[in-house]
Amino acid sequence: MSEPKKTQLKAVDFFCGAGGMSLGLLNAGINVLAGIDNASDCRNTYEKNINGAKFIKHDISTLSPTSLAQRLSLQICDPNLIFAGCSPCQFWSKIRTDKTKSARTAFLLKQFQKFIKYFLPGFVVIENVPGLHSRKEQSILPGFIDFITRLGYSFDDGIINANHYGVPQNRIRYLLIATRLGKNISLPPAEIKTSLNVCDFIGEKNGFKKIAAGWRDDSDFQHSASSLSLENLQRIQITPKSGGDRSSWKDKRNLQIEAYKGKDHIFRDVYGRMYWDRPAPTITTRFISLSNGRFGHPEENRAISIREGATLQTFPSSFVFHGTNLNHLARQIGNAVPPTLAHKIGQHLLSFTSNG
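Residues numbered from 1 in each chain as written. Predicted model: local features only at pLDDT ≥ 70, side-chain atom pairs only at ≥ 80, totals over all residues. Heavy atoms only, no water.

Participant: So what about the packing of helix 1 (residues 20-28) against helix 10 (residues 339-355)? Which residues, and what values?
Facilitator: The geometry of helix 1 relative to helix 10 is characterised by a closest axis approach of 7 Å and an angle of 45° between their N-to-C directions. Relative to helix 10, the element helix 1 is oriented oblique. Here helix 1 runs over helix 10; the crossing is right-handed. Where helix 1 approaches helix 10, its residues Gly20, Met21, Leu23, Gly24, Leu25, Asn27 and Ala28 are matched on the opposing element by Pro339, Ala342, His343, Ile345, Gly346, Gln347 and Leu350. Classifying every residue of the contact of helix 1 with helix 10 by side-chain character gives eight nonpolar, six polar and no charged. (Axes fitted to C-alpha atoms, helices over the stretch in contact; angles between N-to-C directions. Helix = DSSP H or I, 4+ residues; strand = E, 2+ residues; numbered from the N terminus. Parallel < 35°, antiparallel > 145°, perpendicular 65-115°, else oblique. Left-handed = near helix turned anticlockwise from the far one by under 90°. Contact = heavy atoms within 4.5 Å. Nonpolar A, V, L, I, M, F, W, Y, C, P; charged D, E, K, R; others polar.)

Participant: With reference to specific residues and values, describe the packing of aromatic side chains.
Facilitator: The full count for this structure, using the stated rule, is 16 aromatic pairs. With a centroid separation of 6.5 Å and 10° between ring planes, the pair formed by Phe112 and Phe144 is classed as stacked. Placement of the pair is Phe112 in helix 4 (residues 108-119) and Phe144 in helix 6 (residues 141-150), with a sequence separation of 32 residues. Across this residue pair, the class does not change: Phe112 and Phe144 are buried. Seen in terms of ring centroids, Phe123 and Phe352 are 5.8 Å apart; in terms of plane orientation they differ by 85°. Their pairing is edge-to-face. Highlighted residues: Phe123 in strand 5 (residues 123-128) and Phe352 in helix 10, separated in sequence by 229 residues. For the pair Phe123 and Phe352, a shared accessibility class is recorded, and that class is buried. (Phe/Tyr/Trp six-rings, centres within 6.5 Å; stacked < 30°, edge-to-face > 60°. Buried < 20%, exposed > 50% of the residue type's maximum accessible area, 1.4 Å probe, protein only.)

Participant: Quick rundown of the pattern of salt bridges? Include the residues and the values.
Facilitator: For the structure shown, the criterion picks out 10 salt bridges. A salt bridge links Asp269 to Arg294; the nearest nitrogen and oxygen atoms lie 2.8 Å apart. Taken together, the positions of Asp269 in the loop between helix 7 (230-237) and helix 8 (306-312) and Arg294 in the loop between helix 7 and helix 8 put the pair 25 residues apart, joining distant regions of the chain. Its relative accessible area of 39% is what places Asp269 among the partly exposed residues. Arg294 sits in the buried class, given a relative accessible area of 8%. One salt bridge connects Arg302 with Glu308, and the closest N-O pair in it is separated by 2.9 Å. For Arg302, a relative accessible area of 0% puts it in the buried group. One salt-bridge network, held together by shared partners, links Glu300, Arg302 and Glu308. (Salt bridge = Lys/Arg side-chain N within 4 Å of Asp/Glu carboxyl O.)

Participant: Please give an account of the sheet that holds strand 2 (residues 31-37) that cites residues and values.
Facilitator: Read across the open sheet, the seven strands follow the order 3-2-1-4-5-7-6; overall the sheet is mixed. At either end of the open sheet lies a strand with only one pairing partner, and these are strand 3 (54-57) and strand 6 (154-161). Here the strands of the sheet are splayed against their neighbours by 15° on average, with no regard to which way each runs. Pairing of strand 5 with strand 7 (residues 172-179), which is carried by six bridges, proceeds in the antiparallel orientation. Residue pairing in the sheet places Glu127 in a bridge with Leu175 of strand 7. Sheet contacts for helix 4: strand 1 (10-14), strand 4 (81-85) and strand 5; angle to strand 4, the most-contacted strand, approximately 175°. Along the sheet, helix 10 contacts strand 4, strand 5, strand 6 and strand 7; its crossing angle with strand 5, the most-contacted strand, is approximately 160°. (Pairing = 2+ DSSP bridges.)

Participant: Account for the packing of helix 3 (residues 65-72) against helix 4, with residues named and values stated.
Facilitator: At a minimum axis distance of 10 Å, the contact between helix 3 and helix 4 shows a crossing angle of 65°. As far as their axial angle goes, helix 4 and helix 3 are roughly perpendicular. In this structure, the crossing between helix 3 and helix 4 has a hand that is right-handed. For the pair formed by helix 3 and helix 4, the contact residues are Pro65, Thr66, Leu68 and Ala69 on the first element and Lys114, Phe115, Tyr118 and Phe119 on the second. The class makeup of the residues in the contact of helix 3 with helix 4 is six nonpolar, one polar and one charged.

Participant: So, unusual backbone geometry: which residues are in play, and what are the values?
Facilitator: In this model, Cys77 sits at a positive phi of 60°, which is unusual for a non-glycine residue. Cys77 sits in the partly exposed class, given a relative accessible area of 37%.

Below, the structure is given as structure tokens:
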């Protein structure tokens, strides 16, 4: 992994998960002091990939600012300190899942406020699903913005597509950058490129050998794929390559799914293949499952592998994920901030401090 460059800027990554935000900031030249997360299955991944940073396993609702100050030797009103808060986002996601469990983490942004109030860092970064912004009547975002404004922060925020920041996905996110050091803070400029498609990142020419569903790769490359039931294997075998969807087997009585009979106009991505010549869909925590989105490989008869998902999230091949099963690894990858997006954010903050 890249060594942190000499710089005055330093960061604490709240809700760090596997370390996507930390890795991007680190590679931009920012000294990442620590990642904080309550998920114990992220510890090994974070500690073994994010050089020089501590992993603090703690629920921030019970972590005090004074304790954090002691652990990391943080100073109050440090203009070079960045607090990144990318809290769990499932509750605000438009994906139709049971929100009961995620409701417990829906308002962690409010817990993040106590650290901002106590330390008054030079910068605050928030990255989350767009639902945090669009569902303002339910979310805590308006109160958070009022909170930082009253503390003297200026900010810029908006809905971005990570594809415009070096990520080969149509990954729509809410991004906020705030500072108390000046009035002209902005989001990083978007840049549209034509070389951010699936074919530019995975496939044989990019070092991914052909594998079958259920293949297990015990090497650090982690090119492992989930198994498929006989029915799902038959479904994907007759799904056209590069963008085919479930309409190709809608009239197959033994393959059609009861819930979708006569409803071929809805949820068209489910059981679909990715397109070679387009960006990937959003890599979610269930990207290794054919039935949870357009996660079918463009031409091989399986869902994409752990390493393919990580690559589309812009994790380097040297980044090794640690967990007890494929679902744990996929959750770490899908929940992460794409490191390349974080890198762009870090570069932007460095440019701001240099140019004002």
